[in-house]
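A structural walkthrough
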Amino acid sequence: GKNYNSIHEGYAVLKEEIEEAAEEMERIKTLLSEIWQNCRNDEIKEFLGNAKKMNLYALYLMQEACQIAAVAEKIGGKIYE
């Protein structure tokens with residue numbers, strides 16, 4: 001890539017960002033299971049608290065997705081160039 005020392009470095013940075021996004025997605029999936037248990041057990045307070053957490057985790061996932069896009073742009077250039 002044009003902004004990394006080698007294409008291998010660009011790949012490594014991209015892979016790291018994708019792995020971080022995958023970790024956030026796993027947190028979301030785990031929390032969804034908790035939310036389902038809250039629902040099944042009619043735990044309204046816990047359900048609402050976990051929904052707030054879901055919002056936060058989704059924002060973290062969005063940040064990771066933005067970092068993936070930024071790295072890909074740094075490697076290959078803007079799509080609208």
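I will try to describe carefully the structure that is included in this document. What you see is a predicted model, and the numbers here were worked out from it, not measured in a lab. (Residues numbered from 1 in each chain as written. Predicted model: local features only at pLDDT ≥ 70, side-chain atom pairs only at ≥ 80, totals over all residues. Heavy atoms only, no water.)

Let's shift gears to the nonpolar core. Counting five residues, the largest nonpolar core is built from I28, L31, I35, M54 and Y57. Listing elements by their share of this core, those giving two or more residues are α1 (7–40) and α2 (44–76). With three residues, α1 is the single largest residue contributor to this core. Every residue in contact with I35, bar those within four places of it in the chain, is listed here: F47, N50, A51 and M54. (Core = buried A, V, L, I, M, F, W, Y, C linked by side-chain atoms within 4.5 Å. Buried < 20%, exposed > 50% of the residue type's maximum accessible area, 1.4 Å probe, protein only. Helix = DSSP H or I, 4+ residues; strand = E, 2+ residues; numbered from the N terminus. Contact = heavy atoms within 4.5 Å.)

A few words now on the environment of E17. Looking at where E17 falls in the secondary structure, it is placed in helix α1. Sequence separation of E17 and E73 is 56 residues, and the distance between their C-alpha atoms is 13 Å. Residues contacting E17, with those up to four places away along its chain left out, are E64, Q67, I68 and V71.

Contact pair α1 / α2: the axes reach a minimum separation of 9 Å and the direction vectors enclose 165°. As summarised for this structure, α1 and α2 are arranged roughly antiparallel, according to the angle between their axes. The two elements α1 and α2 meet at a crossing, and its hand is left-handed. A per-class count over the contact of α1 with α2 returns 21 nonpolar, four polar and eight charged. (Axes fitted to C-alpha atoms, helices over the stretch in contact; angles between N-to-C directions. Parallel < 35°, antiparallel > 145°, perpendicular 65-115°, else oblique. Left-handed = near helix turned anticlockwise from the far one by under 90°. Nonpolar A, V, L, I, M, F, W, Y, C, P; charged D, E, K, R; others polar.)

Keep in mind these numbers describe shape, not what the thing actually does.
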